[in-house]
Amino acid sequence: MSFEFETKQMKLHWQILLALIFGATAGILFPGITPAVSWVGDLFMNALSLLIVPIIFFSIVTSIAGIRETGGAGLKKLGLRTMLFYLLTMIIAIGTGLLLVNLIEPGNHVQVGNVAEIPGDLMEQSSVREIILGFIPKNIFYAFTQNNTIPVILIAFLVGLNLPQISPEGRKSLTTLFKGGLEITMRITKMVISLSPVGIFAIVMKQFSTTSDFPALIQTILLYVLTVVAGLAIHTFVWLPLLLRFGFRVKPWLHLKNMSTPLLTAFSTASSGATLPLTLHAVEHNDGVSSKVTHFTIPLGASVNMDGTALLECVAVIFIAQAYGVELSVVQQILVVFTSLLCAIGAAAIPMAALVMMALILNVIGLPLEGIGLVIGVDRMLDMMRTTVNVYGDTCVAVMVAKSEGEKLQIDLRN
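This report concerns the structure included in the present document. What you see is a predicted model; the values in this text were computed from it and never measured.

Right, let's get into the packing of aromatic side chains. Counted according to the given criterion, the structure contains 6 aromatic pairs. Pairing Phe58 with Phe178 gives two aromatic rings, centres 6.4 Å apart and planes at 50°, and the pair type is tilted. Of this pair, Phe58 sits in helix α2 (residues 34-68) while Phe178 sits in helix α8 (residues 168-194), placing them 120 residues apart in sequence. In this pair, the class of Phe58 matches that of Phe178, namely buried. Ring centres of Phe85 and Phe248 lie 5.5 Å apart, and the angle between their planes is 85°; this geometry places the pair in the edge-to-face category. Of this pair, Phe85 sits in helix α3 (residues 73-104) while Phe248 sits in the loop between α10 (214-247) and α11 (252-258), placing them 163 residues apart in sequence. For the residue pair Phe85 and Phe248, the accessibility class agrees, reading buried in each case. Among the aromatic residues, those joined into a cluster by ring pairs are Phe57, Phe58, Phe144 and Phe178. Stacked on the ring of Phe246, the Lys or Arg Arg245 has its end atom at 4.9 Å from the ring centre.

This is the structure:
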């Protein structure tokens, strides 16, 4: 079943690549027919936008409720410590991406779209006070009907945190409802994603038909790729090793060597789920982490820890803003970081999580969803890299938790 799913995903990625090539070619050669085709891309973006609220709500509720329901007091303490370490590594990853995209400014080398088309409220500099006030809506139904993403995330967190505390009858009924809601939402999402080659063809055609400087556009996309790759490399080979070496007194390069099999598998398959058995074996047998810690932290990390994905989403959204000529304020960039962090928690269950997450964050900031067309063509290559970083982040957190529990590992400095 897993092999069949991976095969379908691979076919879809090739179809998207072909859609990108044909869309770019059609946009350059036949710009006059763009209005007759662009509505297909708008329809695809509307379908993605339609799914934003149910995806956020059901995925975050089920993820948080599942964590809260875990085991007894000792295991809950372990779970809290694990989540704190996962949040730490994701914040470091997003911070790295934020720093690089502002230093390199990959999107400032070309202008796509029209600044006049950007909503007026985006061009205004929102204050911290206004954003915080927006966290809690006056009307819960208004937040859901207006795709007001931040309040929906907050409501989902509150529901997920309190769901395990209600009566067993109510908890069972609501858990079944939310899991069923997530399942049906994922099925609809898969249907929409299966049509993505057609939608992306129309989006890319529109992007290229309205851009006169094609070499600059290609250069800009390559610069975006280099920015993401640099961020992933710094996170993997600098920050995480430093954290392991000085924070937890283990040998980071020996740990990296021990994880070579699951990391190479993650890179080749672009699937952290397919790598899970290999990751469990490597962490437990090569590093010496106890099965209690391994079998809790690694599966949990596959669900909620997305260092590489969160970094990429942060870079991609700010890159799209730069390409559209929109200068995001510090407060708005912090909002991007915050949303990237929260969305990553529920993203594992989402088909083509990067595409859907990007749509969620663009919706929060108010940028056009068609900006996804700028980055979707290189997503497969970056998908392999970010998945590898996701898996490596999981293994590092497993080591951190084991050391915080007082375990002696085979990669300890004194060994």
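Where helix α12 (residues 260-269) meets helix α13 (residues 272-286), the axes come as close as 8 Å, and the angle between the chain directions of the two elements is 170°. The orientation of α12 relative to α13 falls into the category roughly antiparallel. Note on element contacts: α13 touches α12 through Ala274, Thr275, Leu278, Thr279 and Ala282, opposite Thr261, Pro262, Thr265, Ala266 and Thr269. Of the residues in the contact of α12 with α13, the class split is 5 nonpolar, 5 polar and no charged.

Here we take up the environment of Leu300. In this fold, Leu300 is placed in helix α14 (residues 291-304). Here the alpha-carbon distance between Leu300 and Thr82, two residues 218 residues apart in the chain, equals 8.7 Å.

A cluster of nonpolar side chains, namely Phe237, Val238, Trp239, Leu242, Phe246 and Trp253, defines an oily patch on the protein surface of about 630 Å² accessible area. No other element matches α10, which puts 5 residues into the nonpolar patch. Secondary-structure assignment places Phe237 in helix α10.

Cut-off values and rules
- Residues numbered from 1 in each chain as written.
- Predicted model: local features only at pLDDT ≥ 70, side-chain atom pairs only at ≥ 80, totals over all residues.
- Heavy atoms only, no water.
- Phe/Tyr/Trp six-rings, centres within 6.5 Å; stacked < 30°, edge-to-face > 60°.
- Helix = DSSP H or I, 4+ residues; strand = E, 2+ residues; numbered from the N terminus.
- Buried < 20%, exposed > 50% of the residue type's maximum accessible area, 1.4 Å probe, protein only.
- Lys NZ or Arg CZ within 6 Å of the ring centre and 35° of its normal.
- Axes fitted to C-alpha atoms, helices over the stretch in contact; angles between N-to-C directions.
- Parallel < 35°, antiparallel > 145°, perpendicular 65-115°, else oblique.
- Contact = heavy atoms within 4.5 Å.
- Nonpolar A, V, L, I, M, F, W, Y, C, P; charged D, E, K, R; others polar.
- Patch = residues over 30% accessible without salt bridge, like charges linked within 9 Å, V, L, I, M, F, W, Y side chains within 5 Å.
- Areas by Shrake-Rupley, 256 points an atom, 1.4 Å probe, with all protein chains shown as cover.
- Salt bridge = Lys/Arg side-chain N within 4 Å of Asp/Glu carboxyl O.

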